[in-house]
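Spelled out from the first residue to the last, the chains are:
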Amino acid sequence: MTNLAQLFFDAASLGGLYAMAALGIALIFGVMNLVNFAHGEYIAFCVFALIVPSTDAVAVMLLGRAPALLLVPLVLSLGAAIAIASEYAVFRHLRRADPVAMMISSFALGFVIRNALLAIYGGRPKAISLWPELNTPVAIVGADVPLLQLIVILTTLLVVAGLAGLLKKTRLGLEMRAAAENFTMARLLGVKANVVITGAFALSGALAAAVALIMATQTGVADVRMGGQIMLVAFIATVIGGLGSLPGAVAAGFLIGAASVLLQAFLPLDARPFRDAFLYSLVIVCLLVRPQGLFVPASAKPRV
Amino acid sequence: MKRLALASAISVLAMPALASDITVGFAIAQSGWLEAYDTPAATAAKIRIDEINANGGLLGRQIKWVEADTKTDRQQSARAGLQVIDEGADMMVVSCDYDFGAPAALSAETEGMVSFFLCAEDVKAGIQGVGPHSFSGSVLAAVQGATMAEWSHAKREARTGYVLLDTTIEYNKGICTGFDWMFPQLDGTEIVGRDTFKNDDASIASQITRIKALPEEPDVIMLCSYIPGAASAVRQIRAAGINSLILNGSAVDGSYWLDATPDLSGFVVPVQGSIYGDDPRPEVETFNVAYEKATGSRPASSYAYPGYVLMDLWAKAVERAGTLDGAAVTAELEKMKGENTAFGPRSFSQELHHQNAAEMQIIEITDGKPAAVDSWTISQPVPLDVLLN
Amino acid sequence: MPSQHAQNRLAAYSTPLILSAVLLAFVLLVVVLDDKALARTAAEALVRVTLVVGLWIFVGNSGVISFGHAGYMAIGAYCSAWLTLKPQSKALFLPDLPPWLMDAQWPVFPAAIASGLLAALVALLSGAAILRLSGIAASIATFAFLAIVNTVYSNWEGVTGATSSVVGLARYVDHWVALAWATAAIVAANLYANSASGLALRATREDEVAARASGIDMYRHRLWSLVISAFFTGISGALLGHSIGVLNPDSFYLGITFISLAMLVVGGIGSLSGAVTGVLLLSLLIELLVRAERGITVGGAEFALPSGSQEILIGVAMIVVLILRPAGLTGGREFKLRLSVPRIPLSQEPTSTN
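Since we're looking at a predicted model, the values are computed, not measured. (Residues numbered from 1 in each chain as written. Chains lettered and ligands numbered in written order. Predicted model: local features only at pLDDT ≥ 70, side-chain atom pairs only at ≥ 80, totals over all residues. Heavy atoms only, no water.)

Peer 1: Before we move on, can you summarise helix α2 (residues 39-48) of chain A with the specific residues and values?
Peer 2: Counting buried positions along α2 of chain A yields nine of 10 residues, so the element is predominantly enclosed. For α2 of chain A, every residue scored as buried is listed here: H39, G40, E41, Y42, I43, A44, C46, V47 and F48 of chain A. (Buried < 20%, exposed > 50% of the residue type's maximum accessible area, 1.4 Å probe, protein only. Helix = DSSP H or I, 4+ residues; strand = E, 2+ residues; numbered from the N terminus.)

Peer 1: A description of helix α13 (residues 254-267) of chain C should follow, citing residues and the corresponding values.
Peer 2: All names here are of chain C. In this model α13 runs 20 Å from its N-terminal to its C-terminal C-alpha over 14 residues, within 8% of the 20 Å that 1.5 Å per residue would give. Among the 14 residues in α13, 11 count as buried, and that is most of the element. Among all positions in α13, only I256, T257, F258, S260, L261, A262, M263, L264, V265, V266 and G267 are buried. Of the residues trailing α13, G268 is marked for its positive phi of about 125°. (Expected span 1.5 Å × (residues − 1).)

Peer 1: Describe the interface of chain C and chain A, and please don't skip the residues or the numbers.
Peer 2: Listed by partner, the interface residues are 36 residues for chain C and 38 residues for chain A. Between chain C and chain A, a total of about 3,200 Å² is buried, with carbon and sulfur atoms accounting for 91% of that surface. Linking chain C with chain A are one residue pair in polar contact (both at pLDDT 80 or more), by the criterion used here. No other element matches helix α7 (residues 135-155) of chain C, which puts 12 residues into the side of chain C that touches chain A. Residues belonging to the side of chain C that touches chain A are distributed by class as follows: 31 nonpolar, three polar and two charged. (Contact = heavy atoms within 4.5 Å. Buried area = accessible area lost by both parts, 1.4 Å probe. Polar contact = N/O pair within 3.5 Å; in protein donor to acceptor, adjacent residues only side chain to side chain. Nonpolar A, V, L, I, M, F, W, Y, C, P; charged D, E, K, R; others polar.)

Peer 1: How would you sum up the UniProt feature "transmembrane region" (unreviewed entry) in chain A? Please name residues and give values.
Peer 2: Residues and elements named next belong to chain A. Here the UniProt feature "transmembrane region" (unreviewed entry) sits at residues 12-35, 42-63, 69-91, 100-121, 147-167, 195-218, 230-256 and 277-298. From the first C-alpha to the last, residues 12-35 spans 25 Å; its make-up is 88% helix and 0% strand. A helix fraction of 100% and a strand fraction of 0% characterise residues 195-218, whose end C-alpha atoms lie 35 Å from each other. (UniProt positions renumbered as here; feature names shortened; annotations may be inferred.)

Peer 1: Report on the sheet that holds strand β8 (residues 220-224) of chain B, specifying residues and quantitative values.
Peer 2: All names here are of chain B. One open sheet holds the seven strands; their spatial order is β7-β6-β8-β9-β10-β11-β12, and the pairing between them is mixed. Lying at the two open borders of the sheet, with one neighbouring strand each, are β7 (190-197) and β12 (369-377). The sheet shows a mean angle of 25° between the axes of neighbouring strands, taken without regard to direction. (Pairing = 2+ DSSP bridges. Axes fitted to C-alpha atoms, helices over the stretch in contact; angles between N-to-C directions.)

Right, dumping it as structure tokens:
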């Protein structure tokens, strides 16, 4: 009954969204062991940047009016900017703190950003009309797929490939990978910590902005709470994938998206509201079976 | 008029200084996400207070108000309730949402004080969930769902329905409860499928795939949700090429989110009054103008109206009881059967401090333009056992 | 040096005395001021002390961050509701409860104990699986546990009322009740921390590999501390329910998870004194800021913070504290009565007593 191709596109597009968010979290974790709970707020911030700051009910587009060719790089750099700014203002001073203190500060930072957005934009969700034409269905291999779903899948593939290239081919990428392996050793070998960390935050922020653009196009609304759910899933994907492993984060993101779509499609109606309970039970099972994650980076092996 | 003012001036003088004014306590969200819903309704209540004061006050006394911020937080709500009581409130107005208003309303209940939810639409926001002195100014969610079912059956030949429920909050379930009660009772109808989602789901693609897998597109889709989830769902439903008439609860009223789905058509919302200037009742437009004068803009959604209604009803009950005493005012409120207000007749009883039937305006959005197309009152009130399921 | 050892032990037991005395002083101050809203604030702060101290019993001793404790709170809160609500209202709103639970109408105190026990039982079962993991994987598993509890309680119509709130809870939790439970939690936390199991667990926190090599069964001690921790967390959930009067699964999700962890970390995750300090200072700061939003008069000039700035400022304050003192305000030390020996940081205690 349910078209397999349709199911595939649904799963891949949701998974792609999760994968990109997970990548953003894994990048920062890799270089400084920080679980950045403010990532969801970066997403919300980038969505709100599209509209004029005001508590009025009707939203007026600000950045959102710019043509796509200008808008995309603009929002991506805005995402990078807020991530770098938060590193500069908060996390730079916590490099020597333990991961728990950093995690709680990232949460506090997210809290500040969220409440600032609430104060500036008001509590009412806002409408955003961003590229509505992307939501027209296209017929592909027997499935009716909104153009946006295809774009999400393609974008994820491009971003992942681009990032892989960056990490493999460039000096910054090499340094980042070295820092993710063993930060102290990398520094001793002449890797500049500030450059690597700033670079990781910039990339992570840009990924948050990409997620923001996709969500804004898909849902058509801006709401301060919109980044939260995605951030949590991404966080889980990062761990399941193997902390510090970028391909692992991507794979786990896709996996969670696919599991979520499959559960929604095949659970009986009465069990469907419990979808997330099944999903998170799978997460626990997955962790118990592979505590170090699906892709174990060399750095995760315990050393004595 | 002059004599009335004089009389009230004398009565003010005659009374002890503390009792000279009547105090309404607003324990509402002035910050946090609920603020966007509480402020318009509270503003409407204050507009009614100003009107009453201009007409000589209540029991010959002027009404003033005190406010406390619940910060969209349950614990802060309980504290805000105590605070307005400490500041001498004679009745309490609490948040729009049951969960965030109830802690404050419970404090009022302990004092035997009348409390009104600004616009809660859950049956619990009243006797069942707070106590015998608690009321709501709004219309039950189930009435909205039932109105959609009966109206679409009568006016749009809806025979097959699909129910899409957002399980995030209770309000949504109330809408679907009303629809599920009414729709199968009507001639030749069938609910061809149902599904659930959550308001913050990043995508509802698989829910849409299920609708598309039906042999025939349903006549109507009952969408029980609220903004932002509802806007996002509608955008995705239309993007997938599904053209069924989409029915909703009042929560999605307001043109402010329509940009989310440009040129939307076939989208219907039941409301207590039209904010678009085309309500058949002139009083509604008079209010809209008064609201614009007070705040600088027209109401963003119909959720401002219950604030006005509740203050109107409470003042009438106080006038009739001749006292501010909670029990006496409650008794007068419970006597109201089809009491006229600017937004239609309202009734309370000893079982229900809510509207289980009400005249609703039907707003239809066509090519992105909302307009009042009809007015509908359900043929029978929603029974209490359905409300309490 | 047995005499110094005995003195150390005595000094360790003085911590709960000092902390309880501080809480008592706090409550007496509120009673003297005689302000209803303030008394409520105090009661809420003390419920939070119970919660954060309960959280500390596991997190502080094991070093594993738990995101799952709000789940134990929810379990405790709903259990107390099942046991204390009037049978008529349960029949109306929670029709699928088993008959014996439907007819139960327990007094509040045994109901609170039962709530703690149920939470502890669930902790035993969930912990048995989750605590096989360690580090961040364990933290994520606790989060998954929270999400499962939340999803189940938000959708189990006939038993928890799902998203529809459970109403009619007796609001009996005032500052005295909350003080009693907070004190009980503090005493229990101190007793556990100084027990053989507590000391062993803290050894695993400092150095997992070395502790294992010394024959410490980390899994067993972690599970044991989680069970005790969940008992008090469950009770704090019941207290919270009986303080607000209305229960909704939403109250026991991410918001309370993060604020309780933040209070713990800001106060100092390494010590019981840190847990209590964090709650009291942050609660005090929040109350001050809320009052400042309402408007305060300083030297004849009235000024008020814009509405909503309290949340922003409290977040900024937490960040500033963590930047200045990454180990928290108390830096992992306990408040102790100074006997003849100088104060020794707790984290070094195992070495000094061995």
